[in-house]
Amino acid sequence: DAGVTQSPTHLIKTRGQQVTLRCSPISGHKSVSWYQQVLGQGPQFIFQYYEKEERGRGNFPDRFSARQFPNYSSELNVNALLLGDSALYLCASSHSGGGNIQYFGAGTRLSVL
Amino acid sequence: GESVGLHLPTLSVQEGDNSIINCAYSNSASDYFIWYKQESGKGPQFIIDIRSNMDKRQGQRVTVLLNKTVKHLSLQIAATQPGDSAVYFCAENPTYNNNDMRFGAGTRLTVKP
């Protein structure tokens, strides 16, 4: 079975631009969470969607938004990019909405110049 | 866990020795914990989990110990192999209703052949 897939793998943007990252969960998983991982640190929670509704939101500005589609795939959007948004963006899927194993994709490496 | 930015705690062991990686978590209400392994250029990989109603759980070559009194987790790896070299993160789930996992700073394990 395919694991969590993310696209693109790498992305280079300039300050002020907008970016959309995509994630396909493991088949049968209904929850998708997004994390930001800055070099040398652990992942930080951005959003969780479960059954197409927002279940949780981390401490990130409104420039960050996400959605989940009927097939449970998800997109993360970041507007007005800042240099500090450069990071590895990870998507994780899980079977249910809370308190269970999350399986991560390989991530999208975003560089903002 | 304490964030140390780019200066990850490190642990270096000889191949075949046992490894113990420690983690302090922050929220006494957390009831679910996961250890992840992250290799360079990859997303975090699930190793083992434990719920707060347990104090020990064993997997293949790995054991997780939970001490709720002092809010401490440890991961023991038996007969450490070169393929175990990676950064290890503990993560806590402070809110059972969602998948907001709080990650520690990570420990870099290096296995010397």
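For clarity, every value in this text was computed on a predicted model and none was experimentally measured.

Participant: Quick question: what am I supposed to make of the overall build of chain A here?
Facilitator: Scanning chain A for helices and strands turns up zero helices and 11 strands. Beginning at the N terminus, the succession of helices and strands in chain A can be written as β-β-β-β-β-β-β-β-β-β-β. Scaling as 2.2 N^0.38, a compact globule of 113 residues should have a C-alpha radius of gyration of about 13 Å, and chain A matches this with 13 Å. Viewed in the frame of its principal axes, chain A has a C-alpha envelope of about 40 × 25 × 25 Å. Per-residue burial for chain A yields a buried fraction of 53% across its 113 residues. In chain A, of all internal contacts separated by at least 6 residues, the share reaching a separation of at least 24 is 53%.

Participant: Help me understand the nonpolar core, please; the structure alone is not making it clear to me.
Facilitator: Residues and elements named next belong to chain A. With 22 residues, the main nonpolar core has Trp 34, Ile 46, Leu 76 and Tyr 89 as its most contacted residues. Breaking this core down by element, the ones donating at least two residues are strand S3 (19–24), strand S4 (31–37), strand S5 (44–50), strand S7 (64–68), strand S8 (74–78), strand S9 (87–94) and strand S11 (108–112). Setting aside chain neighbours within four positions, we find Ile 46 in contact with Trp 34, Tyr 35, Gln 36, Gly 56, Arg 57, Gly 58, Phe 60, Phe 64, Leu 76 and Tyr 89.

Participant: Is there a simple way to think about the layout of surface pockets in this case?
Facilitator: Taking a probe equal in size to a water molecule and rolling it over the atoms shows the remaining empty space. Approximately 500 Å³ is the volume found for the largest pocket. Forming the boundary of the largest pocket are 24 residues, of which A:Arg109, B:Gln38, B:Glu39, B:Ser40 and B:Gly41 lie nearest the centre. The element that contributes the greatest number of residues to the lining of the largest pocket is strand S8 (residues 86–92) of chain B, accounting for three residues. Tallied by class, the residues present in the lining of the largest pocket amount to 10 nonpolar, 10 polar and four charged.

Participant: Would you mind showing me how to read the side chain of A:Gln102 here?
Facilitator: By the secondary structure assignment, A:Gln102 is in the loop between S9 and strand S10 (103–104). The buried category is assigned to A:Gln102, whose relative accessible area is 1%. The contact partners of A:Gln102, leaving out residues within four places of it in the chain, are A:Ser33, A:Tyr35, A:Ala92, A:Ser93, A:Ser94, B:Ile34, B:Tyr36, B:Asn99 and B:Met101.

Participant: When you look at the interface of chain A and chain B in this model, what are you seeing that I'm missing?
Facilitator: Many structure descriptions define interface size as the accessible area lost when the parts assemble. Counting residues at the interface gives 27 residues for chain A and 25 residues for chain B. Interface area for chain A against chain B, summed over the two sides, is near 1800 Å², with a carbon-plus-sulfur share of 53%. At the surface where chain A touches chain B, the tally comes to four residue pairs in polar contact (both at pLDDT 80 or more). Counting residues per element, the ones that place at least two in the side of chain A that touches chain B are S4, S5, strand S6 (53–57), S9 and S10 of chain A. When residues of the side of chain A that touches chain B are assigned to their parent elements, the largest contribution, four residues, is made by S4(A). The residue inventory of the side of chain A that touches chain B, partitioned by class, reads 10 nonpolar, 16 polar and one charged.

Participant: Explanation requested: the sheet that holds S8(A) in the structure shown.
Facilitator: Pairing between the strands of a sheet comes from backbone hydrogen bonds, and it takes one of two forms, parallel or antiparallel. All names here are of chain A. In spatial order, the strands read S1-S3-S8-S7; together these four strands make up an open sheet with antiparallel pairing. The sheet terminates laterally at strand S1 (5–7) and S7, the two strands that pair on one side only. Each neighbouring strand pair of the sheet contributes to a mean axis angle of 15°, computed without reference to strand direction. The sheet contact formed by S3 and S8 spans five bridges and is antiparallel.

What counts as what
Residues numbered from 1 in each chain as written. Chains lettered and ligands numbered in written order. Predicted model: local features only at pLDDT ≥ 70, side-chain atom pairs only at ≥ 80, totals over all residues. Heavy atoms only, no water. Helix = DSSP H or I, 4+ residues; strand = E, 2+ residues; numbered from the N terminus. Rg over C-alpha atoms; globule rule 2.2 N^0.38 Å. Buried < 20%, exposed > 50% of the residue type's maximum accessible area, 1.4 Å probe, protein only. Contact = heavy atoms within 4.5 Å. Core = buried A, V, L, I, M, F, W, Y, C linked by side-chain atoms within 4.5 Å. 1 Å grid on protein atoms, 1.4 Å probe; cavity = no way out; pocket = protein on both sides within 12 Å on 5 of 7 lines; lining within 4 Å. Points joined across faces, edges and corners; volume = space filled by probe spheres on them. Nonpolar A, V, L, I, M, F, W, Y, C, P; charged D, E, K, R; others polar. Buried area = accessible area lost by both parts, 1.4 Å probe. Polar contact = N/O pair within 3.5 Å; in protein donor to acceptor, adjacent residues only side chain to side chain. Pairing = 2+ DSSP bridges. Axes fitted to C-alpha atoms, helices over the stretch in contact; angles between N-to-C directions.

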